[in-house]
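Coordinates in review
These are the residues of each chain, in order.
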Amino acid sequence: MPIYEYRCTDCGKRNSVLILSLSTQTPPACKYCCSARLERIMSRFAAPKSEEARLEALADPSQFGELDENDPKSMARWAKTMGQQLGGDELGEDFDQVVDEMGDAQDDPNGADADDL
C-alpha cells in the first residue's frame with residue numbers, strides 16, 4: 001500500500017494519499033480545497049541508519065568543531081545533538097531536563113556546579 005505525494009495546482013498545498021488498492025484506485029482530490037487538479041511529486045523519505053553507522057558518525061571529529069567545553073550552552077547543544085543521534089527515547093525521561101539545566105547553568109546566579117547536574 002503506497003503513499004503518494006501530490007501538489008494541488010489550485011492552492012499549492014502538499015497532499016499525501018494512501019492507495020489501498022491499485023486495481024480500484026480513485027482519482028485523488030486536494031484535502032484542503034477539494035480540487036481534482038493535482039500533480040504527483042517526489043516524496044520525501046528517510047533512510048534509517050544502523051546503530052553502528054550512528055556511532056561512527058558520532059566519533060567523527062568534525063562533530064566537535066563548534067564545541068566549547070567551557071561554555072555550558074555549547075555543551076548542552078552538543079549533548080542534545082548526541083542524544084538525538086543515539087535515539088532520545090533510550091536515554092530516559094530525565095535526559096532533556098538535565099541537558100536544559102546544563103545549558104542554564106551559565107545563567108544561574110548561584111553558579112551551579114557541573115557536579116550538581
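Please refer to the structure placed before this passage.
Residues numbered from 1 in each chain as written. Predicted model: local features only at pLDDT ≥ 70, side-chain atom pairs only at ≥ 80, totals over all residues. Heavy atoms only, no water.

Counting residues in hydrophobic clusters, the biggest one holds seven residues: Tyr4, Tyr6, Cys8, Val17, Ile19, Cys30 and Leu38. The contact partners of Cys30, leaving out residues within four places of it in the chain, are Cys8, Cys11, Asn15, Ser35 and Leu38. (Core = buried A, V, L, I, M, F, W, Y, C linked by side-chain atoms within 4.5 Å. Buried < 20%, exposed > 50% of the residue type's maximum accessible area, 1.4 Å probe, protein only. Contact = heavy atoms within 4.5 Å.)

The subject of this paragraph is a nonpolar patch on the surface. Where nonpolar side chains cluster on the molecular surface, the patch consists of Ile3, Leu18 and Leu20 and spans about 330 Å² of accessible area. By the secondary structure assignment, Leu18 is in strand 2 (residues 14–18). Relative accessible area serves as the criterion here: at 48%, Leu18 is assigned to the partly exposed category. (Patch = residues over 30% accessible without salt bridge, like charges linked within 9 Å, V, L, I, M, F, W, Y side chains within 5 Å. Areas by Shrake-Rupley, 256 points an atom, 1.4 Å probe, with all protein chains shown as cover. Salt bridge = Lys/Arg side-chain N within 4 Å of Asp/Glu carboxyl O. Helix = DSSP H or I, 4+ residues; strand = E, 2+ residues; numbered from the N terminus.)

With that settled, consider the side chain of Asp71. With respect to the secondary-structure elements, Asp71 resides in the loop between helix 1 (51–58) and helix 2 (72–86). For Asp71, which is buried and forms no salt bridge, the nearest opposite charge comes from Arg77, at a distance of 4.5 Å. Within the structure, the side chain of Asp71 is placed 3.2 Å from the backbone nitrogen of Lys73, a separation counted as a polar contact. (Lys, Arg positive; Asp, Glu negative; His and termini not counted. Polar contact = N/O pair within 3.5 Å; in protein donor to acceptor, adjacent residues only side chain to side chain.)

Turning next to unusual backbone geometry. A positive phi angle, near 70 degrees, is found at Cys34, a position not held by glycine. Topologically, Cys34 is positioned in the loop between strand 2 and strand 3 (38–41). Judged by relative accessible area, Cys34 falls into the exposed class, the value being 63%.

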